[in-house]
Amino acid sequence: MNDENLKLFVEGSSHYFETVSQKPATIGAPFLIKDINKYLYDYTGIIGISGNHKGSVFFSAPKNMLIQLLSALSILDINESKLMDLVGEVSNTISGNTRREFGDQFMLSTPVVLKGKSEDVQITRVEKIYVIPIVWRQHQANLIINLE
Amino acid sequence: MRVMVVDDSEIIRLKVSEVLSSENFEIVGSAKNGLEAVEQFKLLKPVVMTLDITMPMMDGIETIKKIMAIDSEVRILVVSALADKSTLLKAMSLGAYGFLCKPFTDNSLAEAIEELVEDLVQ
């Protein structure tokens, strides 16, 4: 991942929150991490990437952020299933949007969703894993880029 | 006008249904993957379908092929996060009528659907 590649994920995160909620998010500068588990919140959507890049993209958010985001989407009757669905959909949307630059050989899996902090996240780790911090309505979430 | 909504995300199915209902479309069914969509399409015979691309079991591209083989007159609006030109061109060449990139606003969805059926309502 180079700076230009990371910029796509920063812009994609900003675009997502602005579009769905009309409330902009504050997107922080990407930084390198070693242990993904320290950066996970209550729910995490994971997209597996294959093709011209290999690895995975995580979007991890606290429950309260997801509840507010569902409200912004006018989704009523909030339950566990919808929280898990949403976190997967956010990870899929931000990842999918980057194909505008990466092209159709940036191949995405359907989302896998985790609840809670898991010590059992088994992923193929790349040399450099980045976190992009996202703050929306005072809630902090993370986009984690684990890509070659 | 009869609409079917296809997306593996329940939230997207609910959101699309809500917006289109408010625009006086009749939501006749929904499906969470391409296989379900093809089966329901045969029974429900919608005029319009909104269709995701990245789905389990059968993706949107394969679904367009199957649906077009059943009824090539259906108007398919692809609603997908996949923002590359190649996916758009592939979907359109197979028979999709329009393409809306996620994330979308209520207005952008309503406009895309209105454009899709403009000539049908005149």
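Residues numbered from 1 in each chain as written. Chains lettered and ligands numbered in written order. Predicted model: local features only at pLDDT ≥ 70, side-chain atom pairs only at ≥ 80, totals over all residues. Heavy atoms only, no water.

Trainee: Hey, could you run me through the overall build of chain A in this one?
Mentor: When helices and strands are tallied, chain A shows four helices and eight strands. Secondary structure elements of chain A occur, N-terminal to C-terminal, as α-β-β-β-β-α-α-α-β-β-β-β. Its C-alpha atoms give chain A a radius of gyration of 14 Å, within 12% of the compact-globule value 15 Å for 148 residues. Expressed along its principal axes, the backbone C-alpha trace of chain A runs to roughly 40 × 30 × 25 Å. Burial analysis of chain A (148 residues in total) assigns 51% to the buried set. At a minimum sequence separation of 6, the contacts of chain A that also span at least 24 residues come to 67%. Carbon and sulfur atoms make up 47% of the accessible area of chain A, which amounts to about 6900 Å² in all. (Helix = DSSP H or I, 4+ residues; strand = E, 2+ residues; numbered from the N terminus. Rg over C-alpha atoms; globule rule 2.2 N^0.38 Å. Buried < 20%, exposed > 50% of the residue type's maximum accessible area, 1.4 Å probe, protein only. Contact = heavy atoms within 4.5 Å. Areas by Shrake-Rupley, 256 points an atom, 1.4 Å probe, with all protein chains shown as cover.)

Trainee: Is there a simple way to think about the interface of chain B and chain A in this case?
Mentor: Think of interface size as the accessible area that goes away when the parts come together; that is how it is often given. With 23 residues of chain B at the interface, the matching set in chain A holds 26 residues. With both chains or domains summed, chain B and chain A bury close to 1900 Å², and 60% of this area falls on carbon and sulfur atoms. One can count two salt bridges joining chain B with chain A. The shortest N-O distance in the salt bridge between aspartate 84 of chain B and arginine 99 of chain A comes to 2.8 Å. The interface formed by chain B and chain A holds ten residue pairs in polar contact (both at pLDDT 80 or more) in total. Listed by contribution, the elements that provide at least two residues to the side of chain B that touches chain A are helix H1 (10-22) and helix H4 (85-94) of chain B. In terms of residues, the side of chain B that touches chain A owes the most to one element, H1 of chain B, which gives six residues. (Buried area = accessible area lost by both parts, 1.4 Å probe. Salt bridge = Lys/Arg side-chain N within 4 Å of Asp/Glu carboxyl O. Polar contact = N/O pair within 3.5 Å; in protein donor to acceptor, adjacent residues only side chain to side chain.)

Trainee: How do you make sense of the pairing of strand E3 (residues 48-51) of chain B when you look at a structure like this?
Mentor: Along any regular strand the residues' side chains alternate between the sheet's two faces. Residues and elements named next belong to chain B. By the alternation rule, side chains of E3 split into Val48 and Thr50 and Met49 and Leu51, which are all buried. Examined bridge by bridge, strand E1 (residues 2-6) and E3 share four bridges and lie parallel to one another. The residue bridging methionine 4 from the neighbouring strand is methionine 49, located in E3. One ladder, built from four bridges, connects E3 with strand E4 (residues 75-80); its direction is parallel. (Pairing = 2+ DSSP bridges.)

Trainee: Just to check I follow, could you spell out the pattern of salt bridges for this structure?
Mentor: A side chain of one charge can pair with a side chain of the opposite charge if their charged atoms are brought near each other. Enumeration over the complete set of coordinates arrives at twelve salt bridges over all chains. Here lysine 15 of chain B ties to aspartate 106 of chain B by a salt bridge, and the two come within 3.4 Å at their closest N and O atoms. Separated by 91 residues along the polypeptide, lysine 15 of chain B in helix H1 and aspartate 106 of chain B in helix H5 (residues 106-121) bring together distant segments of the chain. Look at the salt bridges and you will find they share partners, linking Glu89 of chain A together with Asp7, Asp52 and Lys102 of chain B into a network.

Trainee: Looking at this model, I keep getting lost on helix H3 (residues 80-97) of chain A. Mind explaining?
Mentor: Spacing of three or four residues puts side chains on the same side of an α-helix, whose turn is 3.6 residues. The terminal C-alpha atoms of H3 of chain A lie 26 Å apart, and with 18 residues this matches the ideal 26 Å at 1.5 Å per residue to within 8%. Burial analysis of H3 of chain A places 15 of its 18 residues in the buried class, the great majority of the element. (Expected span 1.5 Å × (residues − 1).)

Trainee: It is not clear to me how the packing of H1 of chain B against H5 of chain B should be interpreted in this structure. Could you clarify?
Mentor: Packed helices, taken two at a time, are described by the angle their axes make and the gap between the axes. All names here are of chain B. Between H1 and H5, whose axes approach to 10 Å, the crossing angle comes to 65°. It follows from the interaxial angle that H1 and H5 lie roughly perpendicular. Seen from above, H1 lies across H5 with right-handed handedness. Of the residues in H5, those touching H1 at Lys15, Val16, Glu18, Val19 and Leu20 are Asp106, Leu109, Ala110 and Ile113. The class makeup of the residues in the contact of H1 with H5 is six nonpolar, no polar and three charged. (Axes fitted to C-alpha atoms, helices over the stretch in contact; angles between N-to-C directions. Parallel < 35°, antiparallel > 145°, perpendicular 65-115°, else oblique. Left-handed = near helix turned anticlockwise from the far one by under 90°. Nonpolar A, V, L, I, M, F, W, Y, C, P; charged D, E, K, R; others polar.)

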